[in-house]
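Coordinate inspection notes
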Amino acid sequence: QTTSTIEIEVIDAVLPDEDIYFTQWFHADCLANYYNLEVWSDRRFEIVENFARTARKNGINMLLTPVFTPPLDTAVGGERTTVQLTGVTKIGDSAFASCSKLDTITFEEGSKLQTLGEYAFQSCKALEEIAFPDTLATVPGYVFSWCSGLKKVSLGANTAVIDTYAFSNCEALEEITFPESLVSIGQYAFSDCVSLSSITLGDSVEVISEYAFFNCQ
């Protein structure tokens, strides 16, 4: 049996707080799977809290947390445990702009979404259909502009405003459902939607701004 001895000198000192960020990825689905827990169970949140506390003790001062379940390290045809945030009320400006392979957006029943940022889904060219939740009152400027594959739009029951350039250059758009709550359509909102041949508006509409349907065939 072989043994060895080393000398360790313990320095009586405490390191100051870091001035730089030490970041590690944090995948909540991995914790749920490892401990075989329901994603939204109390026990799983206890483990998440312990994980974050331990990370801090080890000098990690920032965790990079995907807002949506990422496809990283997923086998072809496989699916990772869904750990999306619930109760999302706002999607910020340009949040998914130019996600060229994004082909589906689903707002589940009971969605709490109240605010969409400008350009949020601009140039998502693979997207073909979108149905807005009833909680959304305003469709902001440029939000789906240049979504060249978008064919069908269903606005929520409480949508009152469609802002400037919201759906401009959606060349494949053929069908859009306007709610009775709609009051205003902004400038160039549907400009160059060359496949849009007919629309039906309710009596509630008070403002159709200049060039709102410019170059719609």
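I will try to describe carefully the structure that is included in this document. (Residues numbered from 1 in each chain as written. Predicted model: local features only at pLDDT ≥ 70, side-chain atom pairs only at ≥ 80, totals over all residues. Heavy atoms only, no water.)

Moving on: a negative patch on the surface. Together, Asp 103, Glu 128, Glu 129, Glu 174 and Glu 175 give the surface a local cluster of negative charge. Among the structural elements, Glu 175 can be located in strand S9 (residues 175–177). (Patch = residues over 30% accessible without salt bridge, like charges linked within 9 Å, V, L, I, M, F, W, Y side chains within 5 Å. Areas by Shrake-Rupley, 256 points an atom, 1.4 Å probe, with all protein chains shown as cover. Salt bridge = Lys/Arg side-chain N within 4 Å of Asp/Glu carboxyl O. Lys, Arg positive; Asp, Glu negative; His and termini not counted. Charge placed at Lys NZ, Arg CZ, Asp CG, Glu CD. Helix = DSSP H or I, 4+ residues; strand = E, 2+ residues; numbered from the N terminus.)

The four strands lie next to each other as S6-S8-S10-S11, forming an open sheet whose pairing is parallel. On the outer flanks of this sheet lie strand S6 (138–139) and strand S11 (207–208), each paired with one strand and no other. In this structure, strand S8 (residues 161–162) lies alongside strand S10 (residues 184–185), joined through two bridges in parallel fashion. By the bridge assignment for S10, Val 161 is matched with Ser 184. (Pairing = 2+ DSSP bridges.)

Attention shifts here to the nonpolar core. Membership of the largest hydrophobic core comes to 34 residues, with the highest contact counts inside it found for Phe 132, Phe 144, Ile 162, Phe 167 and Phe 190. Apart from residues no more than four positions distant in its own chain, Phe 167 is found in contact with Phe 132, Val 139, Phe 144, Ser 145, Leu 150, Val 153, Ile 162, Ala 189, Phe 190, Ser 191 and Cys 193. Core analysis: the second largest hydrophobic core is formed by eight residues, Phe 26, Leu 31, Ala 32 and Ile 47 among them. (Core = buried A, V, L, I, M, F, W, Y, C linked by side-chain atoms within 4.5 Å. Buried < 20%, exposed > 50% of the residue type's maximum accessible area, 1.4 Å probe, protein only. Contact = heavy atoms within 4.5 Å.)

Let us now look at the side chain of Ser 168. Counting through the fold element by element, Ser 168 comes out in the loop between S8 and S9. On the accessibility criterion, Ser 168 (1% relative accessible area) is buried. Excluding residues within four positions of it along the chain, Ser 168 makes contact with Ser 145, Trp 146, Tyr 188, Ala 189 and Ser 191.

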